[in-house]
Amino acid sequence: MKRVITYGTFDLLHQGHINLLRRAKELGDYLIVGVTSDSFDVGRGKMNVRNNVLERIEAVKATGYADEVIIEDYLGQKIDDIQKYDVDIFAIGSDWEGKFDYLKEYCQVVYLPRTEGISSTMLREESQNNYRIGIIGSGRIANRFVPEAKMVNGTQITSVLNPDPLQAESFAKAHDIEYYTDFDDFIKTVDTVYIATPHLTHYDYAKRSLLAGKHVLCEIPFTLKKNEALELYSLAEKQNLVLLEASKTAYCPAFGHIITLVKSGIIGDVVDVKASLSKMVAPPIRELDASQAGGAMTEHAPLTVMAIVKLLGTNWHDMNFHSRMENGVDVYTQGVINYPHATSSFTLGIGVKTEGNLVISGTKGYIYVPAPWWLTDFFEVRYEDQTKNRKYFYSYDGEGLRYEIQEFLSMIVNNRRYCYKLRHHESVAIAEIIEKYRNKENVTVI
Ligand code: CTP
């Protein structure tokens, strides 16, 4: 029996894929199809895949040509598979001509004719170009957002809104987009918005955008009050729109893997989480302005508390905070959140420097994520028996905003309103903790 193997992403399965699979099957008696895993694609920079791995596997199966479907998850796997499955022929489209000659050491390599005029990229571009993103705000993060969005296939940033015409114009010129100073004029020109304004304006802009029928990606802190977060999520649901908190770490590959490893019990029961984040700032700057809700807590709790809530949940028992204040702003805050069976703490600084790492301690071992843990591309699982320690490496490309943009678009395109990487109740819990702090509940000034 002649065994053939082929690989691909097979996103938005199209005629080119079907032809390729048919030709591959005709080469032998048994066809194995390797479909890339979602994390493998993200890891190799393929950020725009629309269908998740299960959908893509189903689509390949539905063609009727595959006798067996496997998942391709790591570089070098093809050599393993060819030997493991006793493969005679490796087949791939002619766009890869020559690229897989190194496999000739293990089996016959056949480059099959590629179907002209169609590709997943083409299909993605055709449909995604309809989604015009408008940016509300033109500050530091908005400037970083524009090049990141370009990395996600098919996104189109069309305009910016800033009530200050000078700032709006200069941002628009720098990025070659339109600018508006009036919300109503602006919102008509876009399908989705990215809110990157000062904290106190998030709620209002998010609400107006949802009411205008636009999907919303909102910077952190999403809102500063629990009820505002609840109201916005229920409004989004009512309007059948995507509302996503732009908690960039939550969507990056390494952080996602930390969560799944912990949940699978690799370090036993989680008993403590310690997370720190500090970034020194100098006046004059919004972060140090009390009237703009500045401070370490509003600035950095969204990411650190996100990690704690993802790992330990939202059924906390009690919490307290200790802050060093300067001009009405916390330049340093230490928070403790205790759960019935676990403890957690965080230290945040904008005028105090700390080591910004994340340590998750369990009954069998712990996970150590070095600073800056919120830009995670590496972590280590450690045990008493050091020979069992394991290091994990990932890509964290550019500024890392591309992962949240990709998630946002994927939700819109696939008509998905929820995201397991950051669930609504987790996002609401973050707002609740920030609100408790701002209401001075259990806050001690040091
Ligand atoms: N393929 C083909 N003809 C096409 C498109 C793809 O024969 N028009 C083949 C590829 O050569 C490969 C397999 O289908 O052997 C899976 O390719 P994949 O990368 O999943 O498809 P593309 O449409 O090329 O995807 P993308 O645009 O994302 O690169």
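This text gives an overview of the structure that appears in the document. Along each chain, numbering runs from 1 in the same order as the chain's sequence is written. For a predicted model such as this one, the threshold for reporting local features is a pLDDT of at least 70, and the threshold for listing and counting side-chain atom pairs is 80 or more; totals across whole chains, interfaces and linings nevertheless cover every residue. Side-chain numbers here rest on the full set of heavy atoms in the structure, without hydrogens or water.

### A look at the pairing of strand β2 (residues 30-36)
As a general feature of sheets, a regular strand has side chains that alternate between the two faces. For the record, the criterion: Buried, partly exposed and exposed residues are distinguished by accessible area as a fraction of the type maximum, computed with a 1.4 Å probe on protein chains only: under 20%, between the cut-offs, and over 50%, respectively. Think of it this way: any DSSP run of H or I at least four residues long counts as a helix, any run of E at least two long counts as a strand, and we number them from the N terminus. Whether two strands pair comes down to DSSP finding at least two bridges between them.
When you tally the buried positions in β2, you get seven out of seven residues, the bulk of the element. With burial as the criterion, each face of β2 is covered, one bearing Tyr30, Ile32, Gly34 and Thr36 and the other bearing Leu31, Val33 and Val35. Looking at chain direction, strand β1 (residues 3-8) and β2 are connected through six bridges and run parallel. In the strand pairing of β2, Val4 is matched with Leu31.

### Considerations on the environment of Val49
Using the following cut-off: Residue contacts are defined here by distance: any two heavy atoms, one from each residue, within 4.5 Å place the two residues in contact.
Among the secondary structure elements, Val49 is positioned in the loop between α2 (38-43) and α3 (53-62). As for Val49 and Phe10, which are separated by 39 residues in sequence, their C-alpha atoms are 9.2 Å apart. Setting aside anything within four residues of it in sequence, one finds Val49 in contact with Thr9, Asp11, Asp41, Arg56, Arg124 and Gln406.

### Comments concerning the packing of helix α12 (residues 296-312) against helix α14 (residues 424-438)
As a reminder of what qualifies: To obtain an axis, a line is fitted to C-alpha atoms, over the contacting stretch when the element is a helix, and the angle between two such axes runs from 0 to 180 degrees between their N-to-C directions. Should an angle fall under 35 degrees it is taken as roughly parallel, and over 145 as roughly antiparallel, whereas 65 to 115 is taken as roughly perpendicular and any remaining angle as oblique. Two helices crossing with the near one rotated counterclockwise from the far one by less than a right angle form a left-handed crossing, whereas a clockwise rotation gives a right-handed crossing.
Packing of α12 against α14 leaves a shortest axis separation of 9 Å and a crossing angle of 135°. If you check the angle between α12 and α14, you find them oblique. The way α12 lies across α14 gives a crossing that is right-handed. Touching Met297, Thr298, Ala301, Pro302, Val305, Met306, Val309 and Lys310 of α12 are Glu426, Ala429, Ile430, Ile433, Ile434, Tyr437 and Arg438, all from α14.

### Re the packing of aromatic side chains
Short version of the rule: For Phe, Tyr and Trp, rings pair up if their centres lie within 6.5 Å, where Trp contributes its six-membered ring, and each pair is then called stacked (planes under 30 degrees apart), edge-to-face (over 60) or tilted (otherwise). Consider the ring centre and the ring normal. A charge sits over the ring if Lys NZ or Arg CZ is within 6 Å of that centre and within 35 degrees of that normal.
Enumeration over the complete set of coordinates arrives at 17 aromatic pairs. Ring centres 5.5 Å apart and planes at 55° place the aromatic pair Trp96 and Phe100 in the tilted group. Since its relative accessible area comes to 8%, Phe100 is described here as buried. Taken together, a centroid distance of 5.8 Å and an interplanar angle of 10° make the contact between Phe379 and Tyr394 stacked. Taken together, the residues span a long stretch of sequence, with Phe379 in strand β18 (residues 378-383) and Tyr394 in the loop between β19 (390-393) and α13 (401-413) at a distance of 15 residues. Since its relative accessible area comes to 0%, Phe379 is described here as buried. Since its relative accessible area comes to 23%, Tyr394 is described here as partly exposed. Residue placement shows Lys78 over the ring face of Tyr7; its charged tip is 4.9 Å from the ring centre. Against the face of Phe183 rests Arg208, its NZ or CZ located 4.3 Å from the ring centre.

### A short note on the environment of Ile79
Here Ile79 is to be found in helix α4 (residues 77-84). Ile79 sits in the partly exposed class, given a relative accessible area of 22%. Between the C-alpha atom of Ile79 and that of Leu103, which follows or precedes it by 24 residues, the distance is 6.9 Å. When near neighbours in sequence (up to four residues on either side) are disregarded, Ile79 contacts Tyr102, Leu103 and Tyr106.

### A closer look at the site of the ligand
What counts here: We call a residue near a molecule or strand as soon as one heavy atom of that residue lies within 4 Å of the molecule or strand. What qualifies as a polar contact is a pair of N or O atoms within 3.5 Å, subject to a donor-acceptor requirement within protein and to the restriction that residues adjacent in sequence count only when both atoms come from side chains. All amino acids are sorted into three groups, where Ala, Val, Leu, Ile, Met, Phe, Trp, Tyr, Cys and Pro are nonpolar, Asp, Glu, Lys and Arg are charged, and the leftover types, Gly among them, are polar.
Surrounding the ligand, one finds 19 residues, the nearest of these being Asp95, Ile118, Ser120, Thr121 and Arg124. In the environment of the ligand, an oxygen atom lies 3.0 Å from a nitrogen or oxygen atom belonging to the backbone of Thr9. Listed by contribution, the elements that provide at least two residues to the shell around the ligand are α1 (15-26), β4 (89-93) and α5 (120-128). A per-class count over the shell around the ligand returns five nonpolar, ten polar and four charged.

### Comments concerning the layout of surface pockets
Take a probe with the size of a water molecule and roll it over the atoms, and the empty space left behind shows itself. So the rule is basically this: Points on a 1 Å grid, built from protein atoms alone, make a cavity when a 1.4 Å probe fits but cannot get out and make a pocket when they are open with protein on both sides within 12 Å along at least 5 of 7 lines; residues with an atom within 4 Å of a point are the lining residues. Grid points are joined across faces, edges and corners, and a volume is the space filled by probe spheres set on the points.
Approximately 1300 Å³ is the volume found for the largest pocket. For the lining of the largest pocket, the leading source of residues is helix α11 (residues 253-263), giving seven residues. Looking at the lining of the largest pocket, its residues break down into 16 nonpolar, 14 polar and 17 charged.

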